[in-house]
Amino acid sequence: MIFGHIAAKETEAAYAPIIRRAVRYCRETDVSQMGESRFELDGEDFIALICDRVTEAKEKKLPEVHRRYAELQYMAEGSELMGFYPDCGDNEILEDLLEEKDTIYYKENPAAGEKMLLMTPGTYAVFFPEDVHRPFCQVEKPERVKKIVVKIALKCL
């Protein structure tokens, strides 16, 4: 997992070129007038999703992983908490949607040591297949957020 801020350009030097491209896309894209959208920027290998949603209590959100894509989640407007913990193989599957949408939802795992990342405007996190994450959790109360989720096919890393 990578956590950064869109203004910290110097940190990009350590990233794979496709991750730098995703950061650049987020930096250059104004989502203020956009609703929920999907853009194939390089076929199925590089996809941008514009998310315009309302956060909810952590207990209403499910931990998830992806197997074919890494995800860069960039917070454009609003704030959320995003759960994160490494997938150490001790998670019980709640729902397997790998075929339909490259997502596995896990049951709660109290032993996982989940950390909550505070996502504020300008921050981003990159999640790889071994990173369980739980997006769209409210900070104190439900809040409308806008973010860009860039899905990067693993073969491009």
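Please refer to the structure placed before this passage.
The structure presented is a predicted model; accordingly, all values stated were derived computationally and were not measured.

Quick notes on the rules
- Residues numbered from 1 in each chain as written.
- Predicted model: local features only at pLDDT ≥ 70, side-chain atom pairs only at ≥ 80, totals over all residues.
- Heavy atoms only, no water.
- Helix = DSSP H or I, 4+ residues; strand = E, 2+ residues; numbered from the N terminus.
- Buried < 20%, exposed > 50% of the residue type's maximum accessible area, 1.4 Å probe, protein only.
- Contact = heavy atoms within 4.5 Å.
- Areas by Shrake-Rupley, 256 points an atom, 1.4 Å probe, with all protein chains shown as cover.
- Pairing = 2+ DSSP bridges.
- Salt bridge = Lys/Arg side-chain N within 4 Å of Asp/Glu carboxyl O.

**Q** I'd like a description of the overall build of the chain, backed by residues and values.
**A** Secondary structure assignment for the chain yields two helices and 12 strands. Counting from the amino terminus, the chain carries its helices and strands in the arrangement β-α-β-β-β-β-β-β-α-β-β-β-β-β. Across its three principal directions, the C-alpha atoms of the chain cover 40 × 35 × 30 Å. Expressed as a percentage of its 157 residues, the buried residues of the chain come to 48%. Across the chain, the fraction of contacts at a sequence separation of at least 24, relative to all contacts at a separation of at least 6, is 79%. Of the roughly 7900 Å² of accessible surface on the chain, 52% is carried by carbon and sulfur atoms.

**Q** Tell me about the pairing of strand β1 (residues 2–5), and name the residues and values.
**A** For a regular strand, the rule is simple: side chains alternate between the two faces of the sheet. Residues I2 and G4 point to one face of β1 and are all buried, whereas F3 and H5, pointing to the other face, are not buried. Judged from the four bridges that link them, β1 and strand β10 (residues 123–127) form a sheet pairing that is antiparallel. What sits directly across from I2, in β10, is V126.

**Q** Explain the environment of V31 residue by residue, including any values.
**A** Mapped onto the fold, V31 is located in the loop between α1 (17–28) and β2 (37–40). For the pair formed by V31 and I50, sequence separation is 19 residues and the distance between their alpha carbons is 7.4 Å. If sequence neighbours within four positions are ignored, V31 has contacts with I50, A76, E77, K146 and I148.

**Q** So, the environment of C51: which residues are in play, and what are the values?
**A** Checked against the element boundaries, C51 lands in strand β3 (residues 46–54). Taking the C-alpha atoms as reference, C51 lies 12 Å from Q33; in sequence the two are 18 residues apart. Once you skip the residues sitting within four places of it in the chain, C51 turns out to touch E36, F136, V145, K146, K147 and V149.

**Q** Any chance you could break down the pattern of salt bridges for me, citing the residues and the numbers?
**A** Inspection of the entire model under this criterion finds 14 salt bridges. Among the salt bridges present, the one from R144 reaches D52, with a minimum N-O distance of 2.7 Å. Taken together, the residues R144 in strand β12 (residues 144–153) and D52 in strand β3 connect sequence positions 92 residues apart. Since its relative accessible area comes to 23%, D52 is described here as partly exposed. Residues K151 and E71 are paired through a salt bridge, measuring 2.8 Å at the closest nitrogen-oxygen approach. Highlighted residues: K151 in strand β12 and E71 in strand β5 (residues 69–77), separated in sequence by 80 residues. Given a relative accessible area of 9%, K151 falls into the buried group. Exposure remark for E71: the relative accessible area of 5% places this residue in the buried category. Bridged by salt links that share partners, the residues K58, E108, E114 and R134 form one connected network.

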